[in-house]
Amino acid sequence: MKLNKKLLASGILAASLVAGQAWGAVSEGEAAKLGDSLTPIGAEKAGNGGAIPAWDGGLATPPANYKGDGIYVNPFPDEKPKFVIDQSNVSEYADKLSPGQVAMIKQYPDYKMPVYETHRTAAYPQNIMDETVKNATQAELIKNGNGLANYQDATPFPIPQTGLEVIWNHITRYRGGSVQRNIGQATPTANGMYSIVKFQDEITYRKYLTDYEPSKDPNVLFYFKQAITAPARLAGNVLLVHETLDQVAEPRRAWVYNAGQRRVRRAPQVAYDGPGTASDGMRTSDNLDMFNGAPDRYNWELVGKKEMYIPYNSYKLVDRSLSYDDIIKPGHINQELTRYELHRVWHVRATLKEGERHIYAQRDFYFDEDSWQATVIDHYDGRGELWRVAEAHSMQFYDVNLPWYAVETLYDLLSGRYLVLGLTNEETNPYQFGVDRQSRDYTPAALRRAGTR
């Protein structure tokens, strides 16, 4: 697919950003495409005349057999794979795969990608779509692309012109407003041995606090709290993050409560390539949610748009009849439980700036056009060698009109190990949306209470 003139001018735009100008807002004429030829979130509404259908509003109504209890049933239970990509035929489909996906297939003889019929299930609340349409002509990148102006909620740049705008769409995307989830994380050894670390996560966007005041903490995007509930040796440790919009002007505020020491401490290492919580060195802090935090250490190139086989509608991975053992296998998760579909994605390349430090020298991102979620990321080391491959197995939370991740995976091609995060199969009350929170719930003083409850 050819880029339009605005995309081809991304180099000029990037140069202007360096000069400190504000970019992002499009004309009223461009914005009028939203809801017409584009979805209200900014995806192409039309299909491709083949495997990709037109967007018809997404999966905004739960299946008839959904009980409303947060235990998500598969809306496509009878569908079978159209075909399977494996070592025998990967070359036929390589143009619609990332180099990392191809590498995984070549490295593991039992690694396969079952490809199903494409369903464009992404749906959002009406107010989020309305806010996105307003953002198109108002939201701007400021401070060399490290902050946003005239933005409050939803997708800031539904008609992106630069790679930075696309990454900001991912960082700021709607995730239910206020949500609590109980999830598991595993970092299996090469032979498949693992132990589960369990988290209780809370994420609340400032606007969704019960005591929200527009003038209070205006640079905060959302509050994040993560309490470890198992195993016993880690239980009670809590991380608190105030995620700032401009993390260069005001770095992310982070604190940790250590249950053994009964102390709260600042945690400046919870950013960039600092170690991820209880990850056994298998992810960086900014690998969480596929990518999070300040984008200032990279140059962001908008490569373009393409059709690609990506994980989608991954309801099998949250099937309550499955155990963790059914999902976690040596080398990779059980690919029999995965589902891939053909979708259009935005390809953005992040290259480490000269003089900056990060263990990843380059990252190639592929963002789903219907949700702005990063769905596949290839990570390269300082030698330019492909190192890690991340895949986000997404699903539509149809009771709250929210596309989000079922599980995230991060594969290390060198060690043969991987990390899987977001497991809910053996968890009680895995997701709770619309949880009432007050700003005092996200103060350092609240960490001790979170660790001892």
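Residues numbered from 1 in each chain as written. Predicted model: local features only at pLDDT ≥ 70, side-chain atom pairs only at ≥ 80, totals over all residues. Heavy atoms only, no water.

Enquirer: Sorry if this is basic, but what is going on with the overall build of the protein chain here?
Expert: What the protein chain contains, in helices and strands, is nine helices and 18 strands. Its C-alpha radius of gyration of 21 Å places the protein chain within 12% of the 22 Å reference for a compact globule of 453 residues. Dimensions of the protein chain along its principal axes, counting C-alpha atoms only, are 55 × 55 × 50 Å. Relative to its 453 residues, the protein chain shows a buried fraction of 60%. By sequence separation, contacts in the protein chain at least 24 residues apart represent 66% of the contacts at least 6 residues apart. Of the accessible surface of the protein chain, which amounts to about 17900 Å², a share of 50% is contributed by carbon and sulfur atoms. (Helix = DSSP H or I, 4+ residues; strand = E, 2+ residues; numbered from the N terminus. Rg over C-alpha atoms; globule rule 2.2 N^0.38 Å. Buried < 20%, exposed > 50% of the residue type's maximum accessible area, 1.4 Å probe, protein only. Contact = heavy atoms within 4.5 Å. Areas by Shrake-Rupley, 256 points an atom, 1.4 Å probe, with all protein chains shown as cover.)

Enquirer: Sorry if this is basic, but what is going on with the side chain of D201 here?
Expert: Topologically, D201 is positioned in strand 6 (residues 196-205). Given the relative accessible area of 3%, D201 is considered buried. One polar contact links D201 to Q226, side chain to side chain, over a distance of 3.3 Å. Contacts of D201, omitting those with residues within four sequence positions, involve V179, Q180, R181, I183, F224, K225 and Q226. (Polar contact = N/O pair within 3.5 Å; in protein donor to acceptor, adjacent residues only side chain to side chain.)

Enquirer: What is the right way to look at the pairing of strand 8 (residues 238-244) in this model?
Expert: The two faces of the sheet receive side chains in turn, since in a regular strand these alternate between them. Within strand 8, seven of the seven residues are buried, leaving the element largely enclosed by the surrounding structure. Burial of strand 8 is two-sided: the residues V238, L240, H242 and T244 facing one way and the residues L239, V241 and E243 facing the other way are all buried. Note: strand 7 (residues 220-230) against strand 8, seven bridges, orientation antiparallel. Among the inter-strand pairings, A227 is bridged to a residue of strand 8, identified as V238. (Pairing = 2+ DSSP bridges.)

Enquirer: What am I meant to see in the pattern of salt bridges here?
Expert: Pairs can form between side chains of opposite charge whenever their charged atoms are close. For the structure shown, the criterion picks out 28 salt bridges. For R120, the salt bridge is made with E369, and the minimal N-O distance between the two is 3.4 Å. Highlighted residues: R120 in the loop between strand 2 (113-115) and helix 6 (126-138) and E369 in the loop between strand 13 (362-368) and strand 14 (374-380), separated in sequence by 249 residues. Comparing R120 with E369 shows no difference in burial state: the two are buried. Here D289 makes a salt bridge to R173, at a shortest N to O gap of 2.8 Å. You can see D289 sitting in the loop between strand 10 (263-266) and strand 11 (298-311) and its partner R173 sitting in the loop between helix 7 (163-172) and strand 5 (178-186), a full 116 residues away along the chain. Through salt bridges with shared partners, a single ionic network connects E44, R120, K305, R344, E369 and D370. (Salt bridge = Lys/Arg side-chain N within 4 Å of Asp/Glu carboxyl O.)

Enquirer: Looking at this structure, how should I read unusual backbone geometry?
Expert: The phi angle of most residues is negative, glycine excepted, and most peptide bonds adopt the trans form. Each neighbour pair has its own omega, and for A230 with P231 the value is 5 degrees, a cis peptide bond. Relative to the helices and strands, P231 resides in the loop between strand 7 and strand 8. Even without glycine at this site, K143 takes up a positive phi of about 55 degrees. When its relative accessible area of 47% is taken as the criterion, K143 is described as partly exposed.

Enquirer: Teacher, can you tell me more about the environment of P99 here?
Expert: Position of P99 relative to the elements: it lies in helix 5 (residues 99-107). For the pair formed by P99 and Y418, sequence separation is 319 residues and the distance between their alpha carbons is 17 Å. Dropping the residues within four chain positions of it, P99 is found in contact with Y366, D378, Y380 and L386.

Enquirer: Is there a simple way to explain the pairing of strand 10 in this structure?
Expert: Pairing between strand 9 (residues 253-258) and strand 10: four bridges, direction antiparallel. Looking at the pairing, W255 lines up with R266 of strand 10. Linking strand 9 to strand 10, which pair antiparallel, is a turn of four residues; within it R262 sits at a positive phi near 55 degrees.

Enquirer: Explanation requested: helix 7 in the structure shown.
Expert: Residue pairs three or four apart in sequence face the same way in an α-helix, which turns once every 3.6 residues. The element helix 7 is largely enclosed, with a buried count of 10 among its 10 residues. Along helix 7, the positions that sit buried rather than exposed are G163, L164, E165, V166, I167, W168, N169, H170, I171 and T172.

Enquirer: What is the right way to read the layout of surface pockets from this model?
Expert: A probe matching the size of a water molecule, rolled over the atoms, marks out where space remains unfilled. Size it by volume and the largest pocket reaches roughly 510 Å³. Lining of the largest pocket is provided by 24 residues; of these, I228, L234, G276, T277 and A278 occupy positions nearest its centre. Residue assignment for the lining of the largest pocket shows that the elements contributing at least two residues are strand 5, strand 7, strand 8 and strand 9. Here the lining of the largest pocket takes three residues from strand 9, the largest share from any one element. (1 Å grid on protein atoms, 1.4 Å probe; cavity = no way out; pocket = protein on both sides within 12 Å on 5 of 7 lines; lining within 4 Å. Points joined across faces, edges and corners; volume = space filled by probe spheres on them.)

Enquirer: So what exactly am I meant to see when it comes to the confidence of the model for the protein chain here?
Expert: If pLDDT is low for a region, its predicted coordinates should not be looked at in detail. Within the protein chain, residue pLDDT values average 93, and 94% of them lie at 70 or more. Here residues 1-21 is modelled with pLDDT under 50, and outside its nearest four sequence neighbours on either side it reaches 32 contacts, counting other chains as well. (pLDDT = per-residue confidence, 0-100.)

Enquirer: Any chance you could explain empty space enclosed by the protein here in plain terms?
Expert: Counted according to the given criterion, the structure contains nine cavities of 30 Å³ or more. Here the largest cavity is characterised by a volume of approximately 350 Å³. Listed by contribution, the elements that provide at least two residues to the lining of the largest cavity are strand 5, strand 6, strand 7, strand 8 and strand 16 (402-412). Among the residues forming the lining of the largest cavity, the class breakdown is 11 nonpolar, five polar and nine charged. (Nonpolar A, V, L, I, M, F, W, Y, C, P; charged D, E, K, R; others polar.)

Enquirer: What is the right way to look at the nonpolar core in this model?
Expert: Nonpolar side chains in soluble globular proteins tend to be buried together. If you look at the biggest cluster of nonpolar residues, it comprises 70 residues, and the most contacted ones within it are Y72, I167, W168, W300 and F365. Leave out the neighbours within four places in its chain, and I167 touches F291, P295, W300, F365 and F367. Counting 34 residues, the second-largest nonpolar core is a separate cluster that includes L97, M113, I328 and Y340. (Core = buried A, V, L, I, M, F, W, Y, C linked by side-chain atoms within 4.5 Å.)

Enquirer: Where do I start with the environment of K67 in this structure?
Expert: Tracing the sequence through the fold places K67 in the loop between helix 3 (28-31) and strand 1 (83-85). The exposed category is assigned to K67, whose relative accessible area is 75%. It is 10.0 Å that separates the C-alpha atoms of K67 and D399, two residues lying 332 residues apart in sequence.

Enquirer: Looking at this structure, how should I read the side chain of T162?
Expert: The residue T162 is located in the loop between strand 4 (147-149) and helix 7 in this model. Look at T162 and you get buried, because its relative accessible area is 4%. At 3.2 Å, the side chain of T162 forms a polar contact with the backbone nitrogen of E165.

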